[in-house]
Structures are given as C-alpha cells and as structure tokens.
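Take a look at the letters that make up each chain.
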Amino acid sequence: MPIGSVLDHLVHESASDAVSYFRHRAFLTAHLSGGLTGILAIPLYLAIVGAPSSSEAVAFAWLATPLLLSVGLSRGGRLERAEAFSVANFTTLVAVAVWMCGGLASSVVCWFIPVLLYAASTGRRNSLLSAAVHVIMALAIVAVGQVWGVPPVISSPTLLWTIALANSAIICIVYAVTVAAGLDSANRQAAKMQSEEDARYRLLADNATDLITRHTRSGNVLFASPAARDLFGIASSDLLDNGLFSLVHVGDRPAYLTVFADAAELGTTATVEFRIRKTIMDEAVPQWRWVEMRCRRFNENAADDAVELVAVTRDIEAHRRQQEALRLANELTEKASDAKTRFLANISHELRTPLNAIIGFSEMLSMEMPIKLPPERVVEYAVLINESGRHLLDVVNGILDMSKLEAGSFTITPEPFDVGALVKRTVAMMAPMAEKADVKLTCDVPLAGRELVADPRACKQILLNLLSNALKFTDKSGDVSVTLAFDARNAFLTVRDTGVGIHERDLPTLATPFVQAQSSYDRRYEGTGLGLSVVKGLAELHGGSLNIRSKLGVGTSVTVRLPIDADASGSTIRRLQPTSPKDDGEQSTRRQSVA
C-alpha cells in the first residue's frame, strides 16, 4: 500500500476541512519519520558502540516517543494537544543532549532553535509561548546543574561520544527538517485548497439567484453577490456598508436589525421577512417587495468584536401573494359556509310558519261536519291557506332565482317596453300592502312614455323586491317613494323609505347572498335574505348596478341603474361573483329579504 494512502487512513475523521486535514497529515508525517529514524539508529549504535547503558537506553526510548504522539493523534484527533506534547518532548530531548554533551558550552544548545521554529510553524500563539517556557526552563536546569557540577562535562570527547553526538545530531536534524518540510507542504497545500474552495464559493455566489451577503455584527454589508442587480435593481457595490439597510422599509428595520443580533448571540440560524425597495429603470416609482433573509454566524470561534455573519436573501413576493390569495379564498369559503348555514336556519323558519298554518287550517276544514263551522269562517280559513301557499311559492321562487343567478343560468330576454307604465303597475300592485302597513306609498314617473330595452319580467322583479323591503322595514305613518329618472344612456330607478335605516358598517355586506341579520327564530322581520341579492344579480345581468345609501334611524335609498339599451342577444350570461364583506365582525344585513 502506498505511504500516502497509509497516512490518509491514519488522519482522524474530525479533520473535515482542508486546512485541518493537511495539518494532521503533516504532523503524522513528521513524527512518524522522526520516530522511525530514532528506532533505525539503534542497530547502528549497537554495532559501533555496543550495549548501551541505562541512561542511553532511556535516551533511545525517548526517541521513539513521536510514534506514540502519532498514534494518540490518529485515535483522538486533538491536534493542539498533540502539538503541545510534541514541543515538550522535543525540548526535553534537546535538553538531555545538552546535558550529556557538556552543558551550555556545547554546540548542541543551538538545537533549541528548531524547537522554537517548530512551535512557531504550528500557527498557534499558545504553542510558541509554551515552547519558549520549556526552552527557558531546560536552559535554567542545565545551567544550575552545571554550576553544581552535575553535568558530565566532557573536555576531550572520545570517538564513541563523537559518533553518538553525530547520531543524535542527525536524528534531531532529520526530525526538524521533516517537521518543517511537512508543515510547509501542509501550509502550501492548505492555502491552495483554501484558494480553490474560495473560488468555488465565489463561483456559487456569483451564479446564485438568491442574494448572498456577509455582514458585521451590526448588520453592515462587507460583501454582496451579483444577484443584487436582479433582486433590487442596483449593483452589488451599492449594498456595501449600510446600503442594504437604506433599502429596507422603515416599518421593518427593527426586525431587520434584530436578526443579526439573534444570529450573533445565539449562534443559530435566524430568519426574518421584510419589505425592500426595488428600483426599476422604466418606472419612476420604486416597488416594495417582500424578501426572506436567513442569517447565521460565519466565524464560530471569533471574538465578539470580530464576529461576521453570512446571509441568504430571496424574493418571496410571489409566495406572499399566493398565501394572501389562499387566505382570502379560505375566508370567502368560511363566509359562504356561514352564510348558507344562516340561510338554512332562516329558510326553515320561513317554510315552517306557513306550513303550520296550511296544515292547521286544512285539518279544521276537514273536520267541518263535527265542528259545524260558519261559512264566513270557512272562507277565512281558505284565504289563509291560499296566502300561506303563495308565501311558500314566493320563498321557493326567490331561492330558485338566486340559484340560477349564482350558477350563471339565468337568461334575460331584452325587449322594448314602457318602463314608466311598468313602474306604475307594480306600485299599484303593492298599494294594498302599503295600506295594510299604514305606510304612504308615492310614485314619481315622467308622464311621457320612455322605452327601455330590457327584460320586463326581471325589471318588475327588481321593483317588487325593493318595494317589499321598503314597506317591511318602514314603521306606521312612514313614507315610501318610487322615482324614475333618465340620462343619455341609463335609467335610474330609486326607492326611498323613512324606515329604520342601516348602520354604516353594515352597508358593505348588503346584497350578499344568504346573509341576513337576526338569523334566529325570534328575529323581528321575516324573509330569506335574498331580496337585494336577486336585485343586484338582475341589474348586473343587464349591465347595470346597485347603489345603497342609508342612515340609521333616518331611512334608506336604493338606486338601480339600468342601461336604456341592454344587450338584446340574451346569449352572454354573466356569472355573479360573491361579495366579500369588508367588515369581518358583525354580519348585520337586515335589509335583505323577500316579502
């Protein structure tokens, strides 16, 4: 197996990045080489000198300690601790050599220099300081021993000592050169890989559609990718310093600044959504667009004042619009469901009351022989049954008309007719109801006949519904008036009353299908809540509109605008769109009912 593969296999798995990997590899290379050199020198020493003494045996054993440091690093992966032990071991080895070779006067003292060079090559200040302390302590111990006569000062070294000294010098030199060469190679390789990695990150940032920025702790921009042009319409250089902050919407700036503080303090990924100004060349007014920023610390082990953060910002305007559309759709669905629930409650009341009358009076008539009802009472019961049946028919017709309008299957057949005459006839039909309610009903229609091209049946239904509502909600001695006016293109049919009126907050909810106030059995006014909905739908089928003005306690004015010449083909059917109430609170629409 190649030596390089063996070294790669010995590198601990914690060395994940390029710099750590090559530092681990360089340490293993240097220490395995030094340890093996020391072991290989043992046979040569034995051949020349012979059996070593106990102190010499300890010295040779000491030369093998780099192998133990390599094994410890390969298993534990703690490079800083291994380097500290290596500096201590190297210093001790040189100190022993100095002591054995005559003390401070020996040339071996210069071997302390590789110790300091090795500690400096680690790139850690603590390692260099530790090595300096170890060297000073070693020199002090040797000096003290020399003063007390402890060092074996050798004035005339023998051949054996010369060989031993040369052998140890060779070992130290090989050790120092191997360490220096390995660390230099590691630094150059790490720098090369770091440069390649930076180039890859730069390429990724330059081609990413999301904006990548690097910030200080306070949020100032240190780097911005070219995506700023597409995202904000400006160059990335314009975002540097506080350029990005100046584009943030004033209302979102506190949240924008908070995300940097959270990421710096907590060390986790922080996310914020805010509005930012986008400049478009063809438009004078800039746009505000929603973006999302995800931010986290860039240098985990940096001091607080040197913390940097990296952020990725993306445009979420389309996502926000989809969320808003989904929210509105859910609201409309819930409101439609609530409205139909209330409608079912109302309609059950509207159907049960006349059905009870029909069943009760018909049972009494079926028992005429035992009871012996007088003829006038029989006629009265028959009239009540007839009125109840007609009321049921009106309720069913209202429901069917509204269902057709919502389904888009209600077809109008425009034809010329005298609209003034139709208004007068309809008002005359409602006169008995007004007289019974003690309400004054008046009609103001131009004498000269004016033709309107529209569906006369639908126009009659519109006026009947408006008059029915007006009479229903007007107290005794009140007034209800009908006016008809024209301009060049439209006819305006207005029904005014002096009834209870409508609160201003409830006006937006009027003409909403299946919505009615007092959706309970004890409500004051009867009706299905479809009257104004049908009026609005019929008017829109003609290309017209409905306008309501009211004041609580004063009265209400409802105006229907109809084109003088509506579409005569009858083939284009407009589907009604549900009205979305602006007020989500009270759904009070007491005006919507059919008599």
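None of the values given here were measured: they were computed from a predicted structure.

## A word on the nonpolar core
One recurring pattern in soluble globular proteins: nonpolar side chains tend to sit buried together.
Piece 1. Within the largest apolar cluster, 40 residues are counted, with the highest numbers of intra-cluster contacts made by Val423, Leu452, Leu466, Leu467, Val482 and Val495.
Piece 2. Of all the secondary-structure elements, those providing two or more residues to this core are α14 (375-407), α15 (419-436), β8 (451-454), α16 (456-472), β9 (479-486), β10 (490-497), α17 (531-541) and β12 (555-563).
Piece 3. Excluding its chain neighbours within four sequence positions, the residues that come into contact with Leu452 are Glu415, Pro416, Phe417, Val419, Cys459, Ala491, Leu562, Pro563 and Ile564.
Piece 4. One finds Leu231, Ile276, Val307 and Leu309 within the second-largest nonpolar core, a separate group that totals 26 residues.

## Considering the packing of α15 against α16
Piece 1. Two elements in contact, α15 and α16, have axes separated by 10 Å at closest approach and are oriented at 30 degrees. Looking at the two axes, α15 sits roughly parallel to α16. Once α15 is placed against α16, the crossing between them reads as right-handed. Between α15, through Leu422, Val423, Thr426, Val427, Met429, Met430, Met433 and Ala434, and α16, the contact on the second element is made entirely by Pro456, Cys459, Lys460, Leu463, Leu464, Leu467, Ser468 and Leu471.

## What about the packing of aromatic side chains?
Piece 1. Counted according to the given criterion, the structure contains 3 aromatic pairs.
Piece 2. Ring centres of Phe245 and Tyr256 lie 6.0 Å apart, and the angle between their planes is 40 degrees; this geometry places the pair in the tilted category. Pair noted here: Phe245 is in helix α10 (residues 243-247) and Tyr256 is in helix α11 (residues 253-266), with a separation of 11 residues, a long-range link.
Piece 3. For Phe245, a relative accessible area of 26% puts it in the partly exposed group.
Piece 4. Since its relative accessible area comes to 1%, Tyr256 is described here as buried.
Piece 5. Centroid distance Tyr256 to Phe260: 5.1 Å. Interplanar angle 80 degrees. Geometry classified as edge-to-face.

## A short note on the packing of helix α5 (residues 79-100) against helix α7 (residues 125-147)
Piece 1. The contact between α5 and α7 brings their axes to 10 Å, and the two run at 20 degrees. Taken together, α5 and α7 sit at an angle that is classed as roughly parallel. Relative to α7, the crossing made by α5 is right-handed. Of the residues in α7, those in contact with Glu80, Glu83, Val87, Ala88, Thr91, Ala95 and Val98 of α5 are Asn126, Ser127, Ala131, His134, Val135, Ala138 and Val142.
Piece 2. Of the residues assigned to the contact of α5 with α7, the class counts are 8 nonpolar, 4 polar and 2 charged.

## Quick notes on the pattern of salt bridges
Piece 1. For the structure shown, the criterion picks out 10 salt bridges.
Piece 2. Residues Glu308 and Arg214 are paired through a salt bridge, measuring 3.0 Å at the closest nitrogen-oxygen approach. Of this pair, Glu308 sits in strand β5 (residues 308-315) while Arg214 is found in strand β1 (residues 211-216), placing the two residues 94 residues apart along the sequence.
Piece 3. On the basis of relative accessibility, which here comes to 27%, the residue Arg214 falls in the partly exposed class.
Piece 4. Linking Arg321 and Glu317 is a salt bridge whose minimum nitrogen-to-oxygen distance equals 3.3 Å. With Arg321 and Glu317 both in helix α12 (residues 317-366), this residue pair falls 4 residues apart, about one helical turn.
Piece 5. On the basis of relative accessible area, Glu317 is assigned to the buried category, the value being 10%.
Piece 6. Salt bridges sharing common partners tie together Glu324, Arg327 and Glu331.

## A short note on the pairing of β10
Piece 1. With 6 of 8 residues buried, β10 lies mostly within the body of the structure.
Piece 2. In the sheet, β9 pairs with β10 via 7 bridges, with the strands oriented antiparallel. Residue pairing in the sheet places Val482 in a bridge with Val495 of β10.
Piece 3. Here β9 folds back onto β10, and the loop between the two strands holds 3 residues.

## Thoughts on the pairing of strand β2 (residues 221-224)
Piece 1. Looking at chain direction, β1 and β2 are connected through 3 bridges and run antiparallel. Its bridge partner being in β2, Thr213 is matched across the sheet by Ala224.
Piece 2. Between β1 and β2, which follow one another and run antiparallel, lie 4 residues, and Gly219 among them has a positive phi close to 105 degrees.

## Some thoughts on the sheet that holds strand β11 (residues 545-551)
In any sheet, the strands associate via hydrogen bonds between backbone groups, in a parallel or an antiparallel arrangement.
Piece 1. Strand order across the open sheet formed by 5 strands is β7-β9-β10-β12-β11, with mixed pairing between neighbours. A single partner strand is all that each edge strand has here, and the edge strands are β7 (440-444) and β11. Adjacent strand axes in the sheet meet at a mean angle of 10 degrees, parallel and antiparallel pairs treated alike.
Piece 2. Where α16 meets the sheet, it contacts β7, β9, β10 and β12, and its direction lies at approximately 20 degrees from that of β10.
Piece 3. In this fold α17 packs onto β11 and β12, with an angle of close to 140 degrees to the strand it touches most, β11.

## A word on the sheet that holds strand β3 (residues 270-278)
Piece 1. The strand order across the open sheet built from 5 strands is β2-β1-β5-β4-β3, with neighbouring strands paired in antiparallel fashion. Strand pairing shows two members of the sheet lacking a second neighbour, β2 and β3, which therefore form its edges. Recorded for the sheet is a direction-independent mean angle of 30 degrees between the axes of neighbouring strands.
Piece 2. Contacts from α11 reach β1, β3, β4 (287-297) and β5, with the element oriented near 10 degrees to β4.

## Here we look at the confidence of the model for the protein chain
Piece 1. The share of residues in the protein chain with pLDDT of 70 or more is 78%, and the mean pLDDT across the chain is 77.
Piece 2. Here residues 517-523 scores under 50 on pLDDT; set against residues more than four positions off or in separate chains, the count is 21 contacts.
Piece 3. Here residues 568-595 is a poorly scored stretch, pLDDT under 50, and it has 99 contacts once near neighbours within four places are set aside; other chains count.

## Observations regarding α17
Piece 1. With 10 of 11 residues buried, α17 lies mostly within the body of the structure.
Piece 2. For α17, the full list of buried residues reads Gly531, Leu532, Ser533, Val534, Val535, Lys536, Gly537, Leu538, Ala539 and Leu541.
Piece 3. Immediately downstream of α17, the backbone of Gly543 shows phi near 85 degrees, a positive value.

Conventions used here
- Residues numbered from 1 in each chain as written.
- Predicted model: local features only at pLDDT ≥ 70, side-chain atom pairs only at ≥ 80, totals over all residues.
- Heavy atoms only, no water.
- Core = buried A, V, L, I, M, F, W, Y, C linked by side-chain atoms within 4.5 Å.
- Buried < 20%, exposed > 50% of the residue type's maximum accessible area, 1.4 Å probe, protein only.
- Helix = DSSP H or I, 4+ residues; strand = E, 2+ residues; numbered from the N terminus.
- Contact = heavy atoms within 4.5 Å.
- Axes fitted to C-alpha atoms, helices over the stretch in contact; angles between N-to-C directions.
- Parallel < 35°, antiparallel > 145°, perpendicular 65-115°, else oblique.
- Left-handed = near helix turned anticlockwise from the far one by under 90°.
- Phe/Tyr/Trp six-rings, centres within 6.5 Å; stacked < 30°, edge-to-face > 60°.
- Nonpolar A, V, L, I, M, F, W, Y, C, P; charged D, E, K, R; others polar.
- Salt bridge = Lys/Arg side-chain N within 4 Å of Asp/Glu carboxyl O.
- Pairing = 2+ DSSP bridges.
- pLDDT = per-residue confidence, 0-100.

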